[in-house]
Amino acid sequence: MRNSNILLVDSCKADFENVKKAFNEIDVKFTLHVAQNDTEAWLMLQGDNKISPIPKIVLIDINEESVNGINLLNKIRIHPDLKSILVFVITRTDNERNKAAALNLNIAGYMHKPDDSKKMTDFFSILNDYWNIIEFSSEKK
Amino acid sequence: MKINPKPENEIERLKALEEYLIMDSLPEKEYDSITQLASYICGTPIALVSLIDERRQWSKSSVGLGVAETTRDLSFCQYAIMGEDVYEVNNALENELFAKNPLVTGNPNIRFYAGAPLKDANGFNLGSLCVIDTESRILSIEQKNALKLLANQVVLLLDSRKKNADLLKSQKEFQNFIELSKDLGCIANVDGFFYKVNSAFTDVLGYTKKELEGKPFIDFVHPDDLDKTLKEVEKLSKGEKTISFENRYRCKNGECILLSWNASPDPDTGNLYCIGRDITKEKKAELNLINSNKLLDESQSIAKIGSWKFDLITNDLIWSKGHYQIFDFEELPSDQLFNAYRNRIHPDDLLNLDKVLENTLTTGADLHYNHRILFPDGSSKYVVGIGKPHKNGKGEVVGIQGTIQDITDKTLAEQKIQEKAKEINDIKSALDESAIVAITDQKGIFSYVNENFCAVSKYSKEELIGQDQQIISTGYNSIEFRRDVFVTIANGNIWKGEVMNKAKDGSYYWESATIVPFLNEKGKPYQYVAISSNITKQKLAQENLNNALANLEKKNKELDQYAYIVSHDLKAPLRAINNLSEWIVEDMPEMPDAVSANFELLRGRIQRMENLINGVLEYSRIGRTEIEKETTDLKKMLNQIIDFVVPIEGFEISIADNMPIIETEKILLQQVFSNLISNSVKYNDKPIGKIECLYESLPDFHQFTVKDNGPGIAEEYHKKVFEVFQTIEARDKKESTGIGLSIVKKIIEEKGGSISIESENDNGTSFVFTLPK
Amino acid sequence: MTQRLVNILLVEDDEVDVMNVKRAFSKNNIKNPLYVAGNGVEALEMLDDKIIPLPKIIILDINMPKMNGIEFLKVLRENERLKNISVFVMTTSNEDSDKIKAYNLNVAGYILKPLSFEKFVVSVSTLNNFWQLCEM
């Protein structure tokens, strides 16, 4: 995928530093953008700081207090320009309610966040392999 | 002697008598002394100085007779004036002429009479000096002579009296003359004082005689004219007999009047006799005349008018200044003017001018003419003239008077207007010839339609003029469309567009129309001119073309759809065959080498078929999907492609430094370059393959070149290589679908560019393509 | 990581492709119960009539007779009970229009069937790794 973007919504600074590091190590072709909360994320998707082109993939850390992930997901799913985005939810807690809500909103995957940097790299390596075997549309939406 | 005789010169005599003004005058002692002396000398009691007029005898002086007059027919004197000598009647009773005369028969009982005629210097016998007695008697010679001498004395008295009267009369007349004269008369003495002034003098100046007489005349001269006046007067002292000059005098009322003087000195006294005339009005009139002449000249000059007068008797031609100006002549003497005039008239106009002139001379009708003036420098003027003949008492034309006007400017302007009108007319006929033209008023009522309009609408002119243009309108045009047209033109703007109309037979026709509103002074349209061309055929052609294009598009779509479906349907079994072959090999580990080699070949063919199908799909997809443009750094993109398709060993690649960054459908351009570069790699036959990517910026296009040092492509294949499924080498030799260049060409042409090959066999190939900027 | 054996429904009309999946599963040692429906209509019947246990994953072909993959997906997403199932499209169609339609209906992935079985095995392995990461 050329010139494609990924948006990571994560309030934990240490975590997204780890994600960045993992992306570099496994040479992910996507450009990584980070939002610290859902408001910031929304601005990057549909507001003043809009990322162009619109990210094909959004990663949301849903258990963070400051990130109202389900709300963001809801907004993405009902927006005509955003609803086809592939959303992955990454979480550290087992919250069945969040999980059910996210699955109902047709996320591509509900996943446990790895604890350390090494596991993080493995995690994204698998995820990246997956991203590489799936097709994205080249057309504008 | 007959009774009551009359002298031969009686009429003149009576006239002469009258001039003496003696009849009925008062007694004068001079005459009385003479009658007394006569009575004494002749010894008669009665003596008379009697004068005879037409009817009576009147005594100027009498001695011894109370009666002063008697009728002529009874008069004795009437006989005395008939002769030169003394007339004597000695005894009246014995004279048949008087015997019965009452003066004889009755009182005073005359018996004797002797009368000497009073003969004046002119020989007229005015009357007589007579002596009378009541006794008959005879005068002695001496007495007779004395009587004659006394008669002469009476005539002298009469003459002297007459002269006196004449003198008084002429004095009186002269006085009157001076006093009644309207000219100012005065006598000034040597010291320059007024001595006498006449009534006119006082009347004109408003002073009384008293205020003038005894005053120096210089007191009354306008100060500015004093020097001039004194200088003139001085001339007289130098011996000039008369001087004439003008100066201004001050009136009592303060006004100044201009006087013209003639003055002469009396050589004896040195007194100045002066006659002056008030010429104030004349001067003013003269000035006015000069001014009005000047005005006339100027007016003529401004109006480019001239006037003329021709005297047929004297052949004198007179022109006004204006006339000269028009002809650009200096003033000429009358005898030269006529020829000069004729020479300057344009030769082509001379004949006609002579003709109208001849007409005026023979019929006496007014003269109307026009001609051109041809100047020596070749320039010309247009002139129009009118003239009126003068006729004598017999009705013969003796002269003509008239005016001319220079109408060059007007004529040229008219000619220009005519030219323009012709031009406009030409344009109009050209327009009528080529276009459909209609004019409507502001309400849309036809006021003009041309032949083309009638032809296309199938109405006659008569059917259209006065009709609303709705007659040709159709329901095809929407209300919005019609409102748009109306609003545009009603606001004074030109409307252009295509419109469908309906002909009389109900058929429709299309017009490409331009409607031009014509505006009145208020900026509101008062008429609309519509100029159109019939585009029905083009419209139909366009429609057909559109239909054909739509059909073609539909066909193409169907074809693409077909290719898509077929490809998918082909792909599935193909993949199944491939999978099955793989499983067979997998499931039979002990397969003989020949069999497994065949399986390899089988899979190779399956791969080729897959490639072909993918190629067809890709080809059919071009133009079907819309791809977003993005800013693309071509140098970067080419490097990525090269990394991907060019082996590291055996190739030298160069990318031009001027490779630009452009806004484009990146994926498509990537496809193009990938195909071209991978072709260069695939077919290269040199130990070191060289590939160059070049760029040139053309005015409207980007031009890219992919150049290699490969085997080259013979010219006969330059076209063919772009055709679908065309390969130059056998597919077994070089694995190729033959669709790559077709895709390249389709992409480039879809984007409005073009691609060509520059190649000589064995000398490499250059693919040169362009994309619009 | 413990292997959670969620049910998988394969909606595929081509017999060889079904074998393909099964063989790739077996090669990758994937033990999840695999149910097969020949087309969309058949799959819906199976799901509605609860003939099979509710799958967490559906592998869906697009070009199928009767009811194609996209049409099936539309019905699935409108069904409250079925709408949260993860769907992975596995097709030969490389058409953008199909990809857009599929992603608009929130599939978790769109995978092109490779020509060769060997490559397919690799793809299925990757897919299985991803499934292992996910909580279903």
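Keep in mind that this is a model prediction, so the values were computed, not measured.

1. Looking at the overall build of chain C
Across its full length, chain C holds 5 helices and 5 strands. Listing the helices and strands of chain C from first to last along the sequence gives β-α-β-α-β-α-β-α-β-α. Taken over the C-alpha trace, chain C has a radius of gyration of 14 Å; the compact-globule value for 136 residues is 14 Å, and the two agree within 12%. Taking all 136 residues of chain C together, the buried fraction comes to 61%. Averaging the positions of the 16 positive and the 18 negative side-chain charges in chain C gives two centres separated by 6 Å.

2. What about the environment of Ile713 of chain B?
Along the chain, Ile713 of chain B turns up in the loop between β26 (701-708) and α21 (740-750). Taking C-alpha positions, Ile713 of chain B is 8.7 Å from Asn763 of chain B, a pair spaced 50 residues apart along the chain.

3. As for the UniProt feature "domain: PAS" (unreviewed entry) in chain B
Residues and elements named next belong to chain B. Within this numbering scheme, the UniProt entry marks residues 170-240 and 423-467 as carrying the feature "domain: PAS" (unreviewed entry). A helix fraction of 52% and a strand fraction of 13% characterise residues 170-240, whose end C-alpha atoms lie 30 Å from each other. Helix makes up 51% of residues 423-467 and strand 22%, whereas the separation of the span's terminal C-alpha atoms amounts to 30 Å.

4. With respect to the layout of surface pockets
Residue and element names in this part refer to chain B. Empty space within the second largest pocket amounts to approximately 680 Å³. For the second largest pocket, the lining is made up of 31 residues, of which Gln469, Ser473, Val485, Ile489 and Ile515 are closest to its centre. Contributing elements (two or more residues each) for the lining of the second largest pocket: β17 (436-441), α16 (479-490), β19 (495-502), β20 (508-519) and β21 (525-534). Considering every element that reaches the lining of the second largest pocket, the biggest residue donor is α16, with 7 residues.

5. What about the pattern of salt bridges?
Residues and elements named next belong to chain A. Enumeration over the complete set of coordinates arrives at 52 salt bridges over all chains. A salt bridge links Lys113 to Asp10, with the nearest nitrogen and oxygen atoms 2.6 Å apart. Of the two residues, Lys113 sits in the loop between β5 (109-112) and α5 (117-133) while Asp10 sits in the loop between β1 (5-9) and α1 (13-26), which places them 103 residues apart along the sequence. One salt-bridge network, in which partners are shared between bridges, spans Asp10, Asp15, Asp61, Arg92 and Lys113.

What counts, and where the lines are drawn
Residues numbered from 1 in each chain as written. Chains lettered and ligands numbered in written order. Predicted model: local features only at pLDDT ≥ 70, side-chain atom pairs only at ≥ 80, totals over all residues. Heavy atoms only, no water. Helix = DSSP H or I, 4+ residues; strand = E, 2+ residues; numbered from the N terminus. Rg over C-alpha atoms; globule rule 2.2 N^0.38 Å. Buried < 20%, exposed > 50% of the residue type's maximum accessible area, 1.4 Å probe, protein only. Lys, Arg positive; Asp, Glu negative; His and termini not counted. Charge placed at Lys NZ, Arg CZ, Asp CG, Glu CD. UniProt positions renumbered as here; feature names shortened; annotations may be inferred. 1 Å grid on protein atoms, 1.4 Å probe; cavity = no way out; pocket = protein on both sides within 12 Å on 5 of 7 lines; lining within 4 Å. Points joined across faces, edges and corners; volume = space filled by probe spheres on them. Salt bridge = Lys/Arg side-chain N within 4 Å of Asp/Glu carboxyl O.

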